[in-house]
Amino acid sequence: MLDFFFEGFIENINLQDSSNWAKDFFQNVVMPRLPEAVAGHLPVEVGTILVMLVCAGIFVAVVPLLPLVLVLAERKVAARFQNRTGPMRVGPWGTLQTLADGVKLIFKEDYIPPQGDKILFMLAPYVIFACSFAVFAAIPFGQDILVSEFNIGIFYIMAISSVIVMGVIMAGWSSNSKWSLLGSLRSAAQIVSYEIPLGLSILTIVMLVGSLSMKEIVASQDGGIFTWLIFRSPFTFIAFFIFFISAIAEVNRTPFDLPEAESEIVAGFHTEYSGMRFALFFIAEYANMFAVSAIGVTLFLGGYEGILPGYDFLGGLPGFIIKSLGLVFIMMWLRWTLPRLRVDQLMNLCWKYFIPISFFNIFGTGIWGLIFDTDDVWSIGISCVIIYVGLISAYAVAGRNLARKPEPQPSSA
Amino acid sequence: MESTQQTESRIIELKPFTDEMIVNMGPQHPSTHGVLRLELRLDGEIVREAIPHIGYLHRCFEKHSENLSYPQIIPFTDRMDYVAAMNQNWGFCLAVEKLLEADETKDFEVPERAEYLRVLICELNRIASHLLSFGTYGMDIGAFTPFLYAFRDRERLLLLFEKVCGARLTYNYIRIGGVSEIIPLEPGSVAEQNYLDEIEEFLDYFEPKIDEYNDLLTSNSIFSERTMGVAVMPAEMAISYGATGPNLRGSGVDWDLRRDEPYSIYDRFEFDVPVAKDIPELGAVVGDCWSRYKVRMDEMKESVKIVRQILAEGLPDGPVMADLKAVRPPQGEIYFRSEAPRGELGFYIVSDGTPKPVRVKGRSPCFSALSALQELSRGLMVADIIAIIGSIDIVMGEVDR
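Per chain, residue numbering runs from 1 following the sequence as it is written. Numbering of ligands from 1 and lettering of chains from A proceed in the order in which they are written. In keeping with the predicted nature of the model, local features appear solely for residues at pLDDT of at least 70, side-chain atom pairs appear and are counted solely at 80 or more, and the whole-chain, interface and lining totals rest on all residues.

A. Representation of the overall build of chain A within the structure. In DSSP terms, a helix is any run of H or I states spanning at least four residues, a strand is any run of E spanning at least two, and both are numbered starting from the N terminus. Along the backbone of chain A there are 18 helices and zero strands. Each residue is classed by its C-beta neighbour count within 10 Å, where at least 20 other C-beta atoms makes it buried, 12 or fewer makes it exposed, and intermediate counts make it partly exposed; the C-beta atoms are placed from backbone geometry. Counting the 413 residues in chain A, one finds 42% classified as buried. At a minimum sequence separation of 6, the contacts of chain A that also span at least 24 residues come to 77%. Our contact criterion uses C-beta atoms placed from the backbone: two residues qualify when those atoms are within 7 Å.

B. Looking closely at the overall build of chain B. Scanning chain B from N- to C-terminus turns up 16 helices and eight strands. A radius of gyration in this sense is built from C-alpha atoms; the matching globule rule multiplies 2.2 Å by the number of residues raised to 0.38. Here the C-alpha atoms of chain B give a radius of gyration of 23 Å, agreeing with the 21 Å that 2.2 N^0.38 yields for 401 residues. Its C-alpha atoms give chain B principal-axis dimensions of roughly 95 × 50 × 35 Å. Looking at chain B as a whole, 49% of its 401 residues qualify as buried.

C. How the structure looks around the pairing of strand 8 (residues 357–363) of chain B. Residue and element names in this part refer to chain B. Think of it this way: DSSP has to see at least two bridges between two strands before they count as a pair. With six bridges connecting them, strand 7 (residues 343–351) and strand 8 associate as antiparallel partners. If you follow F347 over to strand 8, its bridge partner there is G362. In this antiparallel pair of consecutive strands, strand 7 and strand 8, the connection spans five residues, and G353 shows a positive phi of 90 degrees.

D. Layout of the packing of helix 5 (residues 112–141) of chain B against helix 15 (residues 382–392) of chain B. All names here are of chain B. Structural elements are reduced to axes, namely lines fitted to C-alpha atoms, with helices fitted over the stretch in contact, and the angle between N-to-C directions of any two is expressed from 0 to 180 degrees. One way to put it is that helix 5 packs onto helix 15 with a least axis distance of 9 Å and a crossing angle of 180 degrees. On the basis of the axis angle, helix 5 is roughly antiparallel to helix 15. Residues T136, Y137, D140 and I141 of helix 5 touch helix 15, and the partners they reach there are I386, A387, G390 and S391. Counted by class, the contact of helix 5 with helix 15 contains four nonpolar, three polar and one charged residues. Working rule for angles: under 35 degrees goes down as roughly parallel, over 145 as roughly antiparallel, 65 to 115 as roughly perpendicular, anything else as oblique. Under the convention adopted here, Pro, Cys and the residues Ala, Val, Leu, Ile, Met, Phe, Trp and Tyr are nonpolar, Asp, Glu, Lys and Arg are charged, and Gly plus all remaining residues are polar.

E. Fine view of the sheet that holds strand 7 of chain B. All names here are of chain B. Judged by pairing direction, the sheet is antiparallel, and its three strands sit side by side in the order 6-7-8 without closing on themselves. Each edge of the open sheet carries a strand with a single partner, namely strand 6 (332–340) and strand 8. With strand direction ignored, the average angle separating the axes of adjacent strands in the sheet is 15 degrees. Relative to strand 7, strand 6 is paired through nine bridges, and the arrangement is antiparallel. Bridge pairing in strand 7 places E333 opposite V350. Running over the sheet, helix 4 (residues 85–101) touches strand 6 and strand 7 and is turned about 150 degrees from strand 6.

F. Region of interest: the packing of helix 7 (residues 118–134) of chain A against helix 15 (residues 275–300) of chain A. All names here are of chain A. For the pair helix 7 and helix 15, interaxial distance at closest approach is 9 Å and the crossing angle is 25 degrees. The angle between helix 7 and helix 15 places the two elements in the roughly parallel class. You can see that helix 7 and helix 15 cross each other, and the crossing is left-handed. Residues P125, Y126, I128, F129, S132 and F133 of helix 7 form the contact with helix 15, whose own contacting residues are R277, L280, F281, I283, A284, A287, N288 and A291. When the near helix sits turned anticlockwise from the far one by under a right angle, the crossing is termed left-handed; a clockwise turn instead gives a right-handed crossing.

G. Seen up close, helix 7 (residues 190–218) of chain B. Residue and element names in this part refer to chain B. Along its 29 residues, helix 7 runs 40 Å from first to last C-alpha, staying within 8% of the 42 Å computed at 1.5 Å per residue. Along helix 7, the positions that sit buried rather than exposed are I199, I210, Y213, L217 and T218. Turning to helix 7, the residues buried within the fold contact helix 5, helix 6 (145–165), helix 8 (221–227) and helix 12 (289–313). To estimate how far a helix should extend, the number of its residues minus one is multiplied by 1.5 Å.

H. Up close: the confidence of the model for chain B. Looking at chain B, the pLDDT average stands at 85 and 96% of residues meet or exceed 70. ipTM for the predicted complex: 0.81, alongside a pTM of 0.83. Every residue gets a pLDDT, meaning the predictor's confidence in that residue, from 0 to 100.

I. Representation of the interface of chain B and chain A within the structure. On the side of chain A, 29 residues touch chain B, which itself brings 41 residues to the contact. When residues of the side of chain B that touches chain A are traced back to their parent elements, those giving at least two are strand 1 (21–25), helix 5, helix 6, helix 8, helix 12 and helix 15 of chain B. The class makeup of the residues in the side of chain B that touches chain A is 21 nonpolar, nine polar and 11 charged.

J. Region of interest: helix 3 (residues 70–78) of chain B. When we look at burial in helix 3 of chain B, the residues that qualify are B:Y70, B:I73, B:I74, B:F76, B:T77 and B:D78. Buried residues in helix 3 of chain B make contact with helix 2 (61–65), helix 4, strand 4 (174–175) and strand 8 of chain B.

K. Summary view of the sheet that holds strand 3 (residues 46–53) of chain B. All names here are of chain B. The strand order across the open sheet formed by three strands is 1-2-3, and the pairing between neighbours is antiparallel. Every interior strand has two partners, whereas the edge strands, strand 1 and strand 3, have only one. Adjacent strand axes in the sheet meet at a mean angle of 20 degrees, parallel and antiparallel pairs treated alike. Where strand 2 (residues 37–43) lies against strand 3, seven bridges are found, and the strand directions are antiparallel. From the neighbouring strand, D43 faces strand 3, where its bridge partner is I46.

L. Structural context of unusual backbone geometry. Here the phi dihedral of A:W93 falls at roughly 60 degrees; this positive angle occurs in a residue that is not glycine. Here A:W93 shows up in the loop between helix 5 (65–81) and helix 6 (97–107). A residue is classified by how many C-beta atoms lie within 10 Å of it, and A:W93, with 13 of them, is partly exposed. In the Ramachandran plot, B:D393 falls in the positive-phi region, its phi being about 55 degrees despite a non-glycine side chain. Residue placement: B:D393 occurs in the loop between helix 15 and helix 16 (396–400). A residue is classified by how many C-beta atoms lie within 10 Å of it, and B:D393, with 28 of them, is buried.

M. Molecular detail of the environment of A:F136. All names here are of chain A. Checked against the element boundaries, F136 lands in the loop between helix 7 and helix 8 (153–161). Spatially, the C-alpha atoms of F136 and A291 are 6.6 Å apart, while their sequence positions differ by 155 residues. If sequence neighbours within four positions are ignored, F136 has contacts with V63 and A291.

N. Examining the environment of A:L200 more closely. Residue and element names in this part refer to chain A. For L200, the position within the fold is in helix 10 (residues 178–209). The exposure class assigned to L200 is buried, which follows from the 21 C-beta atoms found within 10 Å. For the pair formed by L200 and I362, sequence separation is 162 residues and the distance between their alpha carbons is 7.3 Å. Ignoring anything within four residues of it in the chain, the contact list for L200 reads S358, F359 and I362.

So this is what it looks like as structure tokens:
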């Protein structure tokens, strides 16, 4: 039975094209360095799997560090916004604060509500945690820094990230708390709704590039900043903003943080969680935040490609990380500035504005693709001019409206 | 027969019945401003009924007062509205002083300097109270940052209070017949000048900040979406529930005791009374959450105006305490009301001529405003309940006493 599985697996690997990096790596780098006795008897397929496992191990070890950094960053950013210093005690400049918090959470009591559904309660954090980390498998961090190259990368990401809502509902239901239930149902409604504009704006990209593979999407943006897909057509420009706002809603952050609205429903779906299980939710939230930013960068902002064609300036892994962290920073900025929407307003925004605009985008992208050869200089030029004119006129209209807006002051009698 | 059954089933389909969920909001809840318990009957997110249950912070203020001498009651008033304790002290002292004035055998008058100090401190206290209200309201709606901005500024005010009475929250500063002399503020001394300079410095810093807060929160479009047109309390309803202060003025009733029934020396100062009005361009309706909130924001500016006038005049010379051997009001009863930050604060005192009152009753503005919650919240959403509680600005210490 095991043999059968193993053979099938090896066959599958063989079926992939010869440009499998793990295989290349094993054959060209590892094989010559191995002792003769081992190298002769080690099949290439097993070696390839070993290389993949080692890489996966590194990935699993490194990616959870991201939330550690992001939590500290969030606290420091929030502190700056609020005239505070943030954590300063643990480690130099408070750098070890998150670690200390993690240690504290590990030692806390793992409380399970006796009236709740124990199995679901214990399972829920892992579902969310696993899903939000599985997303990273398809994100290309750099030319060769990619856990798995699918030809349906973005589709896989959409599929996996929508499983998160299952975990949220499980957590809310199994807690046997009314606040948790309210929070989880809010979350379910919100995530399911916002997945539609999110998917539709990704579709515009897929239409332009003609591929679902993350690597190919990035490869089509290798000609510097103006070949980034956000500037390719006016419709992708709009799509980027819809994508980003929907992504904020997907990861439940202010102004869309209704599922965990502290002032309304205490802590939402994770009200009853404590200790390490709570920490898993927390880590997953920040991992998610980075993941959606990274997806946004990959799809719209050139991925690991640099700003200038042919140069590596702001390219590669550092460039990718910088761009993603930029988007993460905008999310933090919004969180510490804006109040929260109400449930009906949230749904209005999604169903009455974002989805129709997204459909218009898809329609427009189709027509754009009919008229222009999309990576042609002319089409990019025309697109940039349209975006520029649109932005200027939007600014002018907004400015006039703001100027006309009366000073909101009840007059004194 | 068959056709009727079909119609019936159609009717049932069109009106699906869902169970109502009863949820307890509070007494331990992040945004019930203390220990208010709300019994919510929810249909999904929609609130069918919100029944407030109070009494979790009841400390028998009125009964305690019957066993204490008049000056000993003042610290208890501190614990009523602990956000605006100066105004509570003052409200009680005003009532007792009114009772003392009825005694014709003694010539009793609060010194001029004490009156100025009282107005100065109480208007600053009003700013502190409204700042807290502004900050927590932002937090209720979901914006965290205004809360810390408000506390940053309130901190400076608390330091100013600390310099004059040694306490930050429960002051016991305003006494019957004047103000406390624990930390002496000699007329014309360097200490007095420094103190007034410090207040001026604060006002210069704070006045532009109000506009900044208006930019940050008041005119934020999400904030106005959440508060404008929500929970409209018309003028008749506000009056019939006995809502006072910013809640009443937020409903468009032009009524402020400081101007309409001037007590102390309020008739010497010029200030406007902010009253809400419809702003159709923005969507604000008189009596909605936004109007109540905005009245508070504008009142801070008016308080700044009053304090500036005092600073321009300077404090008059003289004692800060009336020549009062013992507080022993004549037989009689009194009801006196003053304008605290949250509305009309009234004290009803019955005296039998002994140093202890027979009966003390506090009329709490928050209690009256809170009673309107049940009617205001019907048919709104859970998030709106939070918006209402924040906008009527309750302090549970005063509701329960």
